[in-house]
Amino acid sequence: AVDISKLRANSGLITIDPGFKNTGSTKSAITFLNGEEGILRYRGYSIEELAEKSSFLEVSYLLIYGELPTKAQLEHFQNEITTHTLVHEDIKKILDGFPSNAHPMGVLSSLVCSLTAFYPESLDPNRSSKEVDLSIIRILSKMPTFAAWAFKNQIGHPVNYPDNELDYQSNFLKMMFALPAEKYKVNPVVAKALNTLLILHADHEQNCSTSTVRVVGSSQASLYASISAGINALWGPLHGGANQAVLEMLEQIEKAGGDTAKFIAKAKDKNDPFRLMGFGHRVYKNFDPRAKIIKKAADDVLGQLGVDDPLLTIAKELEQIALKDEYFVEKKLYPNVDFYSGIIYRAMGIPTEMFTVMFALGRLPGWIAQWKEMRENNEPIGRPRQVYTGENLRSYVDLNKR
Ligand code: ACO
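These numbers come from a predicted model, not from an experiment.

Engineer: Hey, could you run me through the overall build of the chain in this one?
Structural biologist: Counting secondary structure elements, the chain contains 18 helices and three strands. Computed over its C-alpha atoms, the radius of gyration of the chain comes to 23 Å, within 12% of the 21 Å expected for a compact globule of 402 residues. Expressed as lengths along the three principal axes of its C-alpha atoms, the size of the chain is roughly 75 × 55 × 50 Å. Taking all 402 residues of the chain together, the buried fraction comes to 43%. For the chain, the share of sequence-separated contacts (at least 6 apart) that also reach a separation of at least 24 residues comes to 77%.

Now the structure itself:
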């Protein structure tokens, strides 16, 4: 038999980098991130300035097309999006097929993928940029409808149709919360908070879900298929699912009598699988600039809504202890974007299982921009290598002799 080590030696140089900690997969002009300094910029604009001054659709345009829109461009973009919010009635049949206890992330990724069936032309990898633009408008318009419908399915309520008189955030809130025949009024504090949260989540360079979107898209799979894959990658508790996990952890601490020090000790214990959810980040090793903005927003929103949430007190206590604790300081573990976002979502009336869906709504323009950039750069198919560690060549043993 041929010696496998010789075969390995002949297969060229392969670097092993588990988790791609030091591997750049692409060049990108979309998002700048400096983990040491805690800097995040979309297309050169600071996250702090965008979160304060911009609207989510404006930021979406910026990420996807590279420049802040003029007034006319923004108006056109918003109108286009409003025109496509309605989804095909047959999608409701797909939704009805899900059991009501289905996690809304699974429902969301399935409904997004179903768009490939309703718009089969989206499967053509050689479409013109005008046709691609229409797919982009469609998915931006329909995601809030899918997200709200996934929620309505879970609580067993009839779905609400989009209201095209409303802006992006308000339309979503109405589809989420309006009861049949109710004159629903959007709370402007909630709509503004949602705008900020969506902007903060809009892009974050080559994270797990974005890399997934780019890798799936690199096989020339459609925009909808690629984004559906990204939604599934986001779902896990080490990525977007962390916002749900944080809230569940805070509730667990509250139920256990609010002993934060005990849970900090658990997080440090290597024999205990418990991790302080919402803490730590692959890239930020000083602070997460989004977490700073969110912490302030949590105080503002809860104050304006008159919500006194004991979970916010627990979260702040955990942060205070961890920031002074040798373990967390040494390992450079700080609150990330998800540490406080769940508390705001809760104050807005959004249930815990919807938190990661909210993240997906925010991340959508980033995924689109990254997919579009990958396509326009004609990037090669993503296909990492491996180092084989299995058996050398073996002879087949007949079934009756095993
Ligand atoms: N609690 C306790 N210990 C932690 C935590 C935590 N939250 N995060 C990291 N550590 C420890 C690890 O045990 C490890 O210790 P070791 O060196 O003694 O083995 C060390 O810090 C480094 O952690 P890694 O998991 O190797 O770091 P990595 O960069 O691979 O992971 C991650 C980053 C996944 C974010 C991690 O910090 C984590 O699991 N955090 C909690 C989940 C979370 O909040 N995820 C959201 C991330 S932000 C986002 O996706 C939007």
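Engineer: How should the UniProt feature "active site" (unreviewed entry) in the chain be read in this particular structure?
Structural biologist: UniProt annotation of "active site" (unreviewed entry) refers to His281 and Asp338 when read in the numbering used here. These annotated residues cover 58 residues of sequence, but their C-alpha atoms sit close together, with the largest distance between any two at 10.5 Å. One can find histidine 281 in the loop between helix H13 (260–268) and helix H14 (289–305). C-beta crowding within 10 Å serves as the criterion here: with 22 such atoms nearby, histidine 281 is assigned to the buried category. Ignoring sequence-local partners within four residues, the contact set of histidine 281 consists of Asp288 and Asn336. One can find aspartate 338 in helix H17 (residues 338–347). Setting aside residues up to four positions removed in sequence, aspartate 338 forms contacts with Ala242, Asn243, Val246 and Gly278.

Engineer: Is there a simple way to think about the site of the ligand in this case?
Structural biologist: Surveying the vicinity of the ligand reveals 19 residues, the closest of which are Ala242, Arg275, Phe279, Gly280 and Arg282. The residue inventory of the shell around the ligand, partitioned by class, reads eight nonpolar, seven polar and four charged.

Engineer: In this structure, what is going on with the nonpolar core? I would like to understand it.
Structural biologist: The nonpolar side chains of a soluble globular protein tend to be buried with one another. Ranked by internal contacts, the top residues of the largest apolar core, which has 108 residues, are Leu108, Val112, Ile139, Ala147, Ile344, Val357 and Met358. Sort the elements by how many residues they give to this core and helix H18 (residues 355–376) lands first, with 12 residues. In contact with valine 357, not counting residues within four places along its chain, are Pro104, Met105, Leu108, Ala147 and Ala150.

Engineer: Honestly, the pairing of strand E2 (residues 39–42) in this entry has me stumped. Any pointers?
Structural biologist: The side chains of a regular strand alternate, first on one face of the sheet and then on the other. Where burial is concerned, the two faces of E2 differ: the one with Leu40 and Tyr42 is buried and the one with Ile39 and Arg41 is not. The sheet contact formed by strand E1 (residues 31–34) and E2 spans four bridges and is antiparallel. By the bridge assignment for E2, phenylalanine 32 is matched with arginine 41. Where E1 hands over to E2, the hairpin turn is made up of four residues, of which glycine 38 adopts a positive phi near 70°. The loop that links E2 with its antiparallel partner strand E3 (residues 45–46) comprises two residues; one of these, arginine 43, has a positive phi angle of about 50°.

Engineer: Looking at this structure, how should I read unusual backbone geometry?
Structural biologist: Only a minority of non-glycine residues have a phi that is not negative, and only a minority of peptide bonds are not trans. One non-glycine residue, arginine 43, adopts positive backbone phi at about 50°. Residue arginine 43 is classed as partly exposed on the basis of its 19 C-beta neighbours within 10 Å. In this structure, glutamate 205 takes a positive phi of about 40° despite not being glycine. Positionally, glutamate 205 belongs in the loop between helix H9 (188–200) and helix H10 (208–218).

Engineer: I tried to follow helix H8 (residues 168–177) on my own but got confused; where do I start?
Structural biologist: Since one α-helical turn is 3.6 residues long, residues separated by three or four positions face the same way. Among the 10 residues that make up H8, nine are buried, leaving the element largely enclosed by the rest of the structure. The set of residues buried in H8 consists of Tyr168, Gln169, Ser170, Asn171, Phe172, Leu173, Lys174, Met175 and Met176. As for H8, its buried residues are in contact with helix H3 (56–65), helix H4 (71–83), helix H7 (129–155) and H9.

Engineer: Just to check I follow, could you spell out the sheet that holds E2 for this structure?
Structural biologist: Strand pairing in a sheet relies on backbone hydrogen bonds, with the paired strands running either antiparallel or parallel. Reading across from one edge, E1-E2-E3 is the order of the three strands in this open sheet, with antiparallel pairing throughout. A strand with exactly one partner marks an edge of an open sheet, and here the two such strands are E1 and E3. As judged from the two bridges shared by E2 and E3, these two strands associate in the antiparallel manner. Bridging across to E3, arginine 41 finds its partner in serine 46.

Engineer: Would you take a moment to explain the environment of lysine 174 for this structure?
Structural biologist: Structurally, lysine 174 is set in helix H8. When the 22 C-beta atoms within 10 Å are taken as the criterion, lysine 174 is described as buried. Spatially, the C-alpha atoms of lysine 174 and glycine 280 are 34 Å apart, while their sequence positions differ by 106 residues. Residues within four places of lysine 174 in sequence aside, it is in contact with Asn160, Asp163, Leu166, Tyr184 and Val186.

Engineer: Would you explain the confidence of the model for the chain in this entry?
Structural biologist: As a general rule, the predicted coordinates of low-pLDDT regions are not to be interpreted in detail. Put simply, the chain has an average pLDDT of 94, and 97% of its residues get 70 or more. Confidence estimates for the predicted assembly give a pTM of 0.92 and an ipTM of 0.94.

Calculation notes
Residues numbered from 1 in each chain as written. Predicted model: local features only at pLDDT ≥ 70, side-chain atom pairs only at ≥ 80, totals over all residues. Helix = DSSP H or I, 4+ residues; strand = E, 2+ residues; numbered from the N terminus. Rg over C-alpha atoms; globule rule 2.2 N^0.38 Å. Buried ≥ 20, exposed ≤ 12 C-beta atoms within 10 Å, placed from the backbone. Contact = placed C-beta atoms within 7 Å. UniProt positions renumbered as here; feature names shortened; annotations may be inferred. Near = placed C-beta within 6 Å. Nonpolar A, V, L, I, M, F, W, Y, C, P; charged D, E, K, R; others polar. Core = buried A, V, L, I, M, F, W, Y, C linked by C-beta atoms within 7 Å. Pairing = 2+ DSSP bridges. pLDDT = per-residue confidence, 0-100.

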